[in-house]
Amino acid sequence: MATKNIFSKHLPNVKLATRIDADGNEIQVERREDEEQKRKEQDIIETLVGAGYYRAHIQGLSPFDKIVGGMTWCIEACDYDVDVDLLFHENLTIGQKIALTEKIVAVLPRMQCPFLIEPHQIQGLDFINIFPVVQWLVKRSVENRSKKADTLRKLAATQFQNHFTLGADRELQRLRVKQLDNLRAVEGKYPPKRAFKLRKAAGGGWIPVRPKDAADDTADEEHTGEDGIDSAIQEEEEETVQLSEEREHNLPTDLSETDHAALTKNYDEWKQQAAASSETAASLAERNQIKTLLTAKLALVKKVEQALEEFEQFQKTVTEEERCLQQTVERKESLEEEIKNLDNLEISEENQKILDRAKQLVLKNENMKKLETQFKENCKKELAELQAKIDKAETSTPDDDMVELQRQLDMEQERLKSLRLQLAKKNRAYVSINRQLDNIPDRTELAQYQRRFLELYNQVSAKHRETKQFYTLYNTLDDTKVYLEKEMSLLNSIYDNYGGAMQKPHTREQFIQQFDSIVEGIRTTKASLRRKCDDERSKRDALNGQLQLLVEQQRKYAATVKQLTLECQRNEALMQHLKALKIASSAGNQTRPS
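Treat the numbers as computed from the prediction; the structure is a model and nothing was measured.

A. Here's a closer look at the overall build of the chain. Looking only at helices and strands, the chain has 14 helices and four strands in total. Counting every position in the chain, which comprises 594 residues, the buried fraction comes to 15%. A separation threshold of at least 6 residues defines the contact pool for the chain, and within that pool the share at least 24 residues apart is 57%. Of the accessible surface of the chain, which amounts to about 47600 Å², a share of 55% is contributed by carbon and sulfur atoms.

B. Up close: helix α5 (residues 127-163). Compared with the 54 Å implied by 1.5 Å per residue over 37 residues, the 52 Å span of α5 between its first and last C-alpha is a close match. By the burial criterion, the buried members of α5 are Phe127, Ile130, Phe131, Val133, Val134, Trp136, Leu137, Val138, Ser141, Asn144, Leu155 and Thr158.

C. Highlighting the packing of helix α1 (residues 35-51) against helix α2 (residues 63-77). Running from N to C, α1 and α2 point in directions that differ by 40 degrees, and their axes come no closer than 11 Å. One way to sum up the angle between α1 and α2 is to call them oblique. The way α1 lies across α2 gives a crossing that is left-handed. Only Pro63, Lys66, Ile67, Gly70, Trp73 and Cys74 of α2 make contact with α1, whose side of the interface consists of Glu41, Ile44, Ile45, Leu48 and Ala51.

D. The arrangement of the nonpolar core in detail. Ile44, Leu48, Met71, Ile122 and Leu137 are the most contacted members of the largest nonpolar core, which has 31 residues in total. Listing elements by their share of this core, those giving two or more residues are α1, α2, α3 (94-107) and α5. Other than its neighbours up to four places away in sequence, Ile122 contacts Phe64, Ile67, Val68, Met71, Thr101, Val105, Ile117 and Ile130.

E. Structural view of a negative patch on the surface. Together, Glu330, Glu333, Glu336, Glu337 and Glu338 make up a negatively charged patch on the protein surface. When you line up the elements, Glu338 lands in helix α10 (residues 280-345).

F. Geometry of the packing of aromatic side chains. Counted by the stated rule, this structure contains three aromatic pairs. Seen in terms of ring centroids, Tyr498 and Phe511 are 6.0 Å apart; in terms of plane orientation they differ by 70 degrees. Their pairing is edge-to-face. Of this pair, Tyr498 sits in helix α13 (residues 443-501) while Phe511 sits in helix α14 (residues 505-591), and the two are 13 residues apart along the sequence. When its relative accessible area of 46% is taken as the criterion, Tyr498 is described as partly exposed. Chaining the aromatic ring pairs together yields one cluster made of Tyr498, Phe511 and Phe515.

Basis of the calculations
Residues numbered from 1 in each chain as written. Predicted model: local features only at pLDDT ≥ 70, side-chain atom pairs only at ≥ 80, totals over all residues. Heavy atoms only, no water. Helix = DSSP H or I, 4+ residues; strand = E, 2+ residues; numbered from the N terminus. Buried < 20%, exposed > 50% of the residue type's maximum accessible area, 1.4 Å probe, protein only. Contact = heavy atoms within 4.5 Å. Areas by Shrake-Rupley, 256 points an atom, 1.4 Å probe, with all protein chains shown as cover. Expected span 1.5 Å × (residues − 1). Axes fitted to C-alpha atoms, helices over the stretch in contact; angles between N-to-C directions. Parallel < 35°, antiparallel > 145°, perpendicular 65-115°, else oblique. Left-handed = near helix turned anticlockwise from the far one by under 90°. Core = buried A, V, L, I, M, F, W, Y, C linked by side-chain atoms within 4.5 Å. Patch = residues over 30% accessible without salt bridge, like charges linked within 9 Å, V, L, I, M, F, W, Y side chains within 5 Å. Salt bridge = Lys/Arg side-chain N within 4 Å of Asp/Glu carboxyl O. Lys, Arg positive; Asp, Glu negative; His and termini not counted. Charge placed at Lys NZ, Arg CZ, Asp CG, Glu CD. Phe/Tyr/Trp six-rings, centres within 6.5 Å; stacked < 30°, edge-to-face > 60°.

Any functional reading would require information that these geometric values do not contain.
If you want it as structure tokens, here you go:
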């Protein structure tokens, strides 16, 4: 049983959190609980999840992993590059965490973030100061994603318009071509004819004047009688109205000589036709029709001008969209290169395993879809059978129903007996297997055993280390005592023999020689002890190197065991899911025959 430290103090609102240092050893640090910090942490996680970062909902991740991953995700959603590896290793040191957060903090000024934050605040999980930064990043990322969505939507619409045409647009284009053909036919059939031109009078104003080329026709027109004069007067009035309408529509009145001659010739031909005509009403109707056609022509000319302006605008839009298309094509090429790089990455063994697993899951999904279709078909067949039974029941008599029901009851009782026997066999098998499983310890029990063995090992090693220290201290003190006794005996012998040796010269020389031999022996002993000390120090350095290697292996082993535990948990979850699917399929197969 582990000994309890009686000198440890547990303050209120203080918990001992267990952490693992870089060497794989467990350390306990005090962590103060703050309600405001907890509330801000929950708000940060809810904000990230609401923005679409669902990784923050994983229970096995640490708060530091969630915060750093969420901030990196938001920054990358704003089209800013961050050199941060989200799949970083566990048990990072303080220096590594600060270096990781410094990269994020360096990007925030470039994004014009109004809030200031330091790397040690992120590493220390200061949620009160982290919350406004995360809130601002989430808002910025949502706006950027909405802009991207609008741009992609416009690009998709442009690509659709470039490659596809709707039925309504094709019908409108066909009608427009038909209208333009009719307009050209009308313009060819009724060209403009001018018989008079306006000239400014001396007293001001405008008066219609006949051209010189049309002077020869006046003699012929005098012989037409009063009817011809009246018709000419009406024609002049109509020409005046037409000229006034042309002026209202900003048509040019100053024509060149060639245009003037052509218009005069057309007018003379039209006058000859009008003179040869016997009915002036028909000519007036024709002129009215010409006037309506001219007005229609003017309206169509305006529409053509508007269509040209719209065409220019569409041309500008097309150039702009072509530029956007070029940018999109360049981006597509870069993405294709990235896809090729990712395809090259699939060659590694780990990626190949992930790809094979994904293929297995896809095949499993397809099999489930097939089972679903088969189940629907079986349901339809059973529905048809039940409908047939209902129809048969409606046509049968009560006696027949009783006989049929009695027969079905007997069959169901027999089936129930067989199912009960099968259930009893299954229960016996289940009980026996459960007993066998109870005899085998599960992972939790093994982990507890391992933890207890580790505690026992730590206690034994601590006791062994303490005993070894006592033995070492005893040996050191014993050696010190032996050397001190030797020194005392030597000093006593020197003191005892000094008086007698100093009386005679030859005894004095012997005493000095003995003293030199003693000093030389002490020096050799000292040199041997120094060599022994150097040997022990070299052994200590070698053992320290081995200890560092073993500590590194222990740290790798702890990380590997943790990863293996996660994979085992994932395997157990998949096995449970597979069992549930088998139970569901077996239940479906049992309900089909009935």
